[in-house]
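# Coordinate inspection notes
Take a look at the letters that make up each chain.
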Amino acid sequence: MTDVSSMGVVGFLWAVTAVLWLMLIPAGTRGRAWHYGLAAAPLAFIVLTAAAPQSTLRDSLEIWILPGGAGVLGVMAVAWLWGTLARNHGVMDICYPAAAAAVAVLTLAASGGAPTGPDLLLMVFLVIGAGRLIIQTWGHNVGAERQPYAHWRARHGSRWLWWSAFQVHLLQGVTLWLWSAPIVFALTVPASVSGTTRWGFAIAGVVVWLGGFTLQTLADRQLAAFKAIPANRGRLLDTGVWAWVRHPNYLGETLMWAAWFIFALAHPWGWITLFAPLFTGWFMGYASAAPFKEAHMVRTRGEAWTAYCARTPRFLPWPRPRAVDPERKPS
């Protein structure tokens, strides 16, 4: 596999990129902690990999860092070029599902062996999920630049030409690279692991993936059908899966990413990629995706949204305590 000097070159190149990235952050940029954390994360894993003794752990980490990282950067470069030429960086939402597929393809190429049945199973469901998301986001994003991208373009003016590469594409690219770690470990399971073990984790992973895919698909279809009725304009969808949690589409996607971690548990070191599904769930439900949507809904739905929040969990379907009627006497 890769020698220490090669990993050192990669580390140096990323360190230069990270320093440039952080030096160029415009004054007043919100969410600076995201930039600092995601600029530092690849460097931390590069150092960890360079220091690790030769093992199946190091082999998988090297593939994740080099071919995996190259796959994500390639997709992000295409997305940035497309968004720059079209003056619409919302196309990032169309391209991002392809990043995980690029990681998987390059991982299989780098591993050198023939794909096993569980490998092919993972690839099939990965492509199905990515294809559905690309189709889903194409109609929403290809025509005109959506928020927050349009707001950032107006705010940054001429510097948006270069800052968009960091604010939109590199920031999300590192995020997707971190989420993709279980995919690499799942596709680099040592040959010494029995087929029974691999298939057991693969089947469990498929069950979780199908649950997430079904939830996300139902949420998107119910929302699209609701919006298609003119009388619902300005109203709030609170039925179907939207009565379970306020963000069933994000929960479904989180479960789909978590499925790759279950696949990865067949690898002797696959458990170390637990950070990926935890990060995905935190990002989707509490740190970025859901909070951005909630802020928008507070502005546009007001009291109806407040009432919806009072009776519907945000991200995880915990049962809510029933409201107590103050007029009712205890029995």
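Residues numbered from 1 in each chain as written. Predicted model: local features only at pLDDT ≥ 70, side-chain atom pairs only at ≥ 80, totals over all residues. Heavy atoms only, no water.

## With respect to the overall build of the protein
When its secondary structure is counted, the protein shows 13 helices and zero strands. Tracing the protein from N to C terminus, the helices and strands come up as α-α-α-α-α-α-α-α-α-α-α-α-α. Computed over its C-alpha atoms, the radius of gyration of the protein comes to 22 Å, within 12% of the 20 Å expected for a compact globule of 331 residues. Dimensions of the protein, computed from the C-alpha atoms along their principal axes, are close to 70 × 55 × 35 Å. Evaluated residue by residue, the protein yields a buried proportion of 47% over its 331 residues. Sequence separation of 24 or more characterises 78% of the internal contacts of the protein that already satisfy a separation of 6 or more. Taken as a whole, the protein presents about 16,600 Å² of accessible surface, with 69% of it coming from carbon and sulfur. Considering the protein, the positive charge centre built from 24 side chains and the negative charge centre built from 13 side chains are found 9 Å apart. (Helix = DSSP H or I, 4+ residues; strand = E, 2+ residues; numbered from the N terminus. Rg over C-alpha atoms; globule rule 2.2 N^0.38 Å. Buried < 20%, exposed > 50% of the residue type's maximum accessible area, 1.4 Å probe, protein only. Contact = heavy atoms within 4.5 Å. Areas by Shrake-Rupley, 256 points an atom, 1.4 Å probe, with all protein chains shown as cover. Lys, Arg positive; Asp, Glu negative; His and termini not counted. Charge placed at Lys NZ, Arg CZ, Asp CG, Glu CD.)

## Focus: the packing of helix 2 (residues 32-51) against helix 11 (residues 275-287)
For the pair helix 2 and helix 11, interaxial distance at closest approach is 16 Å and the crossing angle is 175°. Taken as axis vectors, helix 2 and helix 11 run roughly antiparallel relative to one another. Along its contact with helix 2, which presents Trp 34, Leu 38 and Phe 45, the element helix 11 presents Phe 275, Phe 279, Trp 282, Phe 283 and Ala 287. Of the residues that constitute the contact of helix 2 with helix 11, the class distribution is eight nonpolar, no polar and no charged. (Axes fitted to C-alpha atoms, helices over the stretch in contact; angles between N-to-C directions. Parallel < 35°, antiparallel > 145°, perpendicular 65-115°, else oblique. Nonpolar A, V, L, I, M, F, W, Y, C, P; charged D, E, K, R; others polar.)

## Some points on unusual backbone geometry
Here the residue pair Gln 147 and Pro 148 is connected by a cis peptide bond, since its omega of 5° sits within 30 degrees of zero. Note on placement: Pro 148 falls in the loop between helix 5 (117-141) and helix 6 (149-156). With phi around 50°, Arg 87 is a residue other than glycine that occupies positive phi space. Topologically, Arg 87 is positioned in the loop between helix 3 (56-86) and helix 4 (92-111).

## A short note on the packing of aromatic side chains
Counted under the stated rule, the structure contains 26 aromatic pairs. Considering the side-chain rings of Trp 14 and Trp 21, the 6.5 Å spacing of their centres and the 85° angle between planes classify their relative orientation as edge-to-face. Both residues of the pair, Trp 14 and Trp 21, belong to the buried class. Taking 5.7 Å as the distance between ring centres and 45° as the angle between the ring planes, the aromatic pair formed by Trp 82 and Trp 138 counts as tilted. Separated by 56 residues along the polypeptide, Trp 82 in helix 3 and Trp 138 in helix 5 bring together distant segments of the chain. Of the residues examined, Trp 82 reaches a relative accessible area of 28% and is grouped as partly exposed. Joined through ring pairs, the aromatic side chains of Trp 34, Trp 179, Trp 257, Phe 279, Trp 282 and Phe 283 make up one cluster. (Phe/Tyr/Trp six-rings, centres within 6.5 Å; stacked < 30°, edge-to-face > 60°.)

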